[in-house]
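Spelled out from the first residue to the last, the chains are:
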Amino acid sequence: MNIDDKILHIFKKYGDAYASGEDISRELGVSRTSIWKHIETLRNLGYEIDASPHLGYKLVGRPDRLIPEELKNNLRTKFLGKNILSYASLDSTNDTAYKLAEDGAKEGTVVIAEKQKKGKGRQGRTWISPKGGIYLSCIIRPDIEPREVAKITLVSALAVCISIRKAANVPAMIKWPNDIIIDGKKVCGILTEMKAEQDKVDFLIVGIGINVDNPASLLPKGATTLLEESDNSISKVELAKGILENLEHYIGIFKKEGFKVIRDEWRDLSETIGRHVKVQCHEGKIEGQALDVDADGALVIRLDSGFHKRILSGDVLIAH
Ligand code: BT5
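Now for a look at the structure at hand. (Residues numbered from 1 in each chain as written. Predicted model: local features only at pLDDT ≥ 70, side-chain atom pairs only at ≥ 80, totals over all residues. Heavy atoms only, no water.)

## Regarding the packing of helix α1 (residues 3–14) against helix α3 (residues 32–45)
- Running from amino to carboxyl end, α1 crosses α3 at an angle of 90 degrees, the nearest separation of the two axes being 10 Å. The orientation of α1 with respect to α3, classified from their angle, is roughly perpendicular. Together, I3, D4, I7, L8 and F11 of α1 and I35, H38, I39, T41 and L42 of α3 make up the contact between the two elements.
- For the contact of α1 with α3, the per-class residue count stands at seven nonpolar, two polar and one charged. (Axes fitted to C-alpha atoms, helices over the stretch in contact; angles between N-to-C directions. Helix = DSSP H or I, 4+ residues; strand = E, 2+ residues; numbered from the N terminus. Parallel < 35°, antiparallel > 145°, perpendicular 65-115°, else oblique. Contact = heavy atoms within 4.5 Å. Nonpolar A, V, L, I, M, F, W, Y, C, P; charged D, E, K, R; others polar.)

Encoded structure:
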């Protein structure tokens, strides 16, 4: 814990009471002038701190900012988010996380930004990332083979979908493989990247982008934001924490028991299964009825000819 975290910890302990400068300074073993400087730093981060000449300091408001001080506050995870790097702006949180992972960053390290200048989608596409969204990437080091990585995207989509539903009280659904949609409109995309040798994954970067209260006018056609879809006022910090907690939970199950046990929950939140779909994949355009995802995470489609086809990656268009 750094001094700022320690001061916030003291405020928590004091609750509604004031903590005197003298008490804080004694508890942390630093001068009162230094405490005053740290209080100013916290205020600049958006913390509202009341100062009374006779009583001391009291925390009266916390910012809804994606900063480690807030994200780590009551975060119920064992490893995910124990190390958080947050930025006001980055080119791409996935790129930063990838470099950190190459340099040996621990599993569970999270990179988060309030906006991205070169947000990435799949296959060289762009993820539009203005301020107001959540852009986060997690470093995962699972003991799996590269062919299993597609399932991590599905597991992550389930974790994110559940978190969005809870935070915003919206009927979010998963569109295979990596989209979360509300009423047919895309509110979130997931980009999983990896570094691997032939039969072993070195690390994975799970990158998640969510439109929260970013201006809808900047987004492409077919996109939406939680602000537009939800009647709740949404705390980005609580949503991001929910994602880290659910992600750790479901990735934990996946590592221990595989995708099989998660598949039923995934199906329940799938917008794709049972629908007539068009899929753009490396073999071209395929059309038919989406029947299921199999144990490998592949989408099983019944073509009009009656023939069943498995697709491991592609873009789905759902016919309405
Ligand atoms: C995705 O790709 O949906 C993956 C998006 C992953 C973004 C996160 S943000 C944190 C991390 N760091 C990164 O650099 N990336 C990850 P794909 O399925 O290829 O969809 C891309 C398409 O979604 C684009 O071509 C647009 O049509 C659409 N799109 C772009 N920005 C959008 C937005 N903000 N909201 C909804 N749709 C968007």
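## A few points about the sheet that holds strand β4 (residues 110–113)
- In spatial order, the strands read β3-β4-β5-β9-β8-β7-β6; together these seven strands make up an open sheet with mixed pairing. Two strands in the sheet have a free side with no partner beyond their single neighbour: β3 (84–87) and β6 (173–175). Here the strands of the sheet are splayed against their neighbours by 20 degrees on average, with no regard to which way each runs.
- Of the strands in this sheet, β3, β4, β5 (134–140), β8 (185–196) and β9 (201–210) are in contact with helix α5 (residues 93–102), which crosses β9 at around 160 degrees. (Pairing = 2+ DSSP bridges.)

## A look at the packing of aromatic side chains
- Enumeration according to the criterion identifies one aromatic pair in this entry.
- Between the aromatic rings of Y98 and F203, the centroid separation amounts to 4.9 Å while the plane-to-plane angle is 75 degrees, which identifies the pairing as edge-to-face. Of this pair, Y98 sits in helix α5 while F203 sits in strand β9, and the two are 105 residues apart along the sequence. (Phe/Tyr/Trp six-rings, centres within 6.5 Å; stacked < 30°, edge-to-face > 60°.)

## What to know about the site of the ligand
- Neighbouring residues of the ligand: 28 residues in total, closest S92, K120, R125, K186 and N211.
- Between the ligand and the protein, one listed contact pairs an oxygen atom with a side-chain N or O atom of S92 at 2.7 Å.
- Contacts to the ligand include K120, whose backbone N or O atom sits 2.7 Å from an oxygen atom.
- When isolated, the ligand has an accessible area of 790 Å², and the protein chains bury 90% of it.
- Of all elements in the fold, only α5, β5, β8 and β9 reach the threshold of two or more residues within the shell around the ligand.
- Here the shell around the ligand gets four residues from one element, more than from any other, and that element is β8.
- The class makeup of the residues in the shell around the ligand is 10 nonpolar, 13 polar and five charged. (Near = heavy atom within 4 Å. Polar contact = N/O pair within 3.5 Å; in protein donor to acceptor, adjacent residues only side chain to side chain. Areas by Shrake-Rupley, 256 points an atom, 1.4 Å probe, with all protein chains shown as cover.)

## Considering the side chain of T225
- The topology assignment puts T225 in the loop between β9 and α7 (226–229).
- Every residue in contact with T225, bar those within four places of it in the chain, is listed here: V187, N211, V212, N214, A216 and L219.

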